[in-house]
Amino acid sequence: MQLPLFLTTALLLCSSGAFASTIEKRQNNAELAYCIKPINIPKCISARNHANEATLQAQRAYTPDQLHNGRGDAFRHCYWNARMTIDMGGAQAKIFGDLHEMVPGQPQNERNMDLANNAMGVIVGQQTGSRGYEWARQVCMNLANTGRLTTLK
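No experiment lies behind these values; they were computed from the predicted model shown.

Before going further, it helps to spend a moment on the nonpolar core. Core analysis: the largest hydrophobic core is formed by 26 residues, its most contacted members being Phe 75, Phe 96, Val 124 and Cys 140. Listed by contribution, the elements that provide at least two residues to this core are helix H3 (29–35), helix H4 (41–61), helix H5 (71–88), helix H6 (90–100), helix H7 (108–128) and helix H8 (132–145). It is H5 that contributes the most residues to this core, 7 residues altogether. Apart from the residues within four sequence positions on either side, Phe 75 is in contact with Ala 54, Gln 57, Ala 58, Tyr 62, Arg 137, Cys 140, Met 141, Ala 144 and Leu 149.

Structure follows, in structure tokens:
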């Protein structure tokens, strides 16, 4: 299958590989449909970069058993949405967070957990102001470690 010209061009221009990671297997159909539109490509690259950083920070701070439905997972969703809110505003962060949870077959309790933590991340991001990503990371970490984010474990 041949990629549309704008996708081929975008892939060639993004030597960092950020766009390629935006359209790979980690995205569901709703995210792909949103990100395939040329006007959304820069936002999708940014959202993926923020997701990658939130994942990295969660992996550094939490044990593997906490990275799915535990405190690490809750932190990751909070921090990802806080970073997106700082970068592109709460409304856009909510769009990406909601799209990410549109996975057929995902258990409803997991979806509810993720959406609740996404919403907390938007709030954290809105309160961050000029304090930046590190402040947001610390707030989300504190919320996760004190049981104020939603978990299933």
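Quick look at the pattern of salt bridges now. According to the stated counting rule, one finds 3 salt bridges in the structure shown. Of the charged contacts, one joins Asp 73 and Arg 76 as a salt bridge, the two residues approaching to 2.6 Å between their closest N and O atoms. Of this pair, Asp 73 and Arg 76 both sit in helix H5, 3 residues apart, roughly one helical turn. For Asp 73, a relative accessible area of 3% translates into the label buried. For the salt bridge of Asp 98 with Lys 94, the shortest nitrogen-to-oxygen distance reads 2.5 Å. Placement of both Asp 98 and Lys 94 in helix H6 is noted, with a separation of 4 residues, approximately one turn of the helix. Lys 94 sits in the partly exposed class, given a relative accessible area of 46%.

Calculation rules
- Each chain has its residues counted from 1, following the order in which its sequence is written.
- Whole-chain, interface and lining totals are the exception, using all residues; otherwise, since this is a predicted model, local features are given only for residues with pLDDT of at least 70 and side-chain atom pairs are given and counted only at 80 or more.
- Note that water and hydrogens are dropped before the side-chain values are worked out from all heavy atoms of the structure.
- We call a set of buried Ala, Val, Leu, Ile, Met, Phe, Trp, Tyr and Cys residues a nonpolar core when their side-chain atoms join them within 4.5 Å.
- Whether a residue is buried, partly exposed or exposed follows from its accessible area with a 1.4 Å probe, protein chains only, as a fraction of its type maximum: under 20%, in between, or over 50%, in that order.
- Here a helix means four or more residues in a row that DSSP labels H or I, a strand means two or more in a row labelled E, and each is numbered from the N terminus.
- Residues are treated as being in contact if the distance between any of their heavy atoms lies within 4.5 Å.
- A pairing counts as a salt bridge when a side-chain nitrogen of Lys or Arg comes within 4 Å of a carboxyl oxygen of Asp or Glu.

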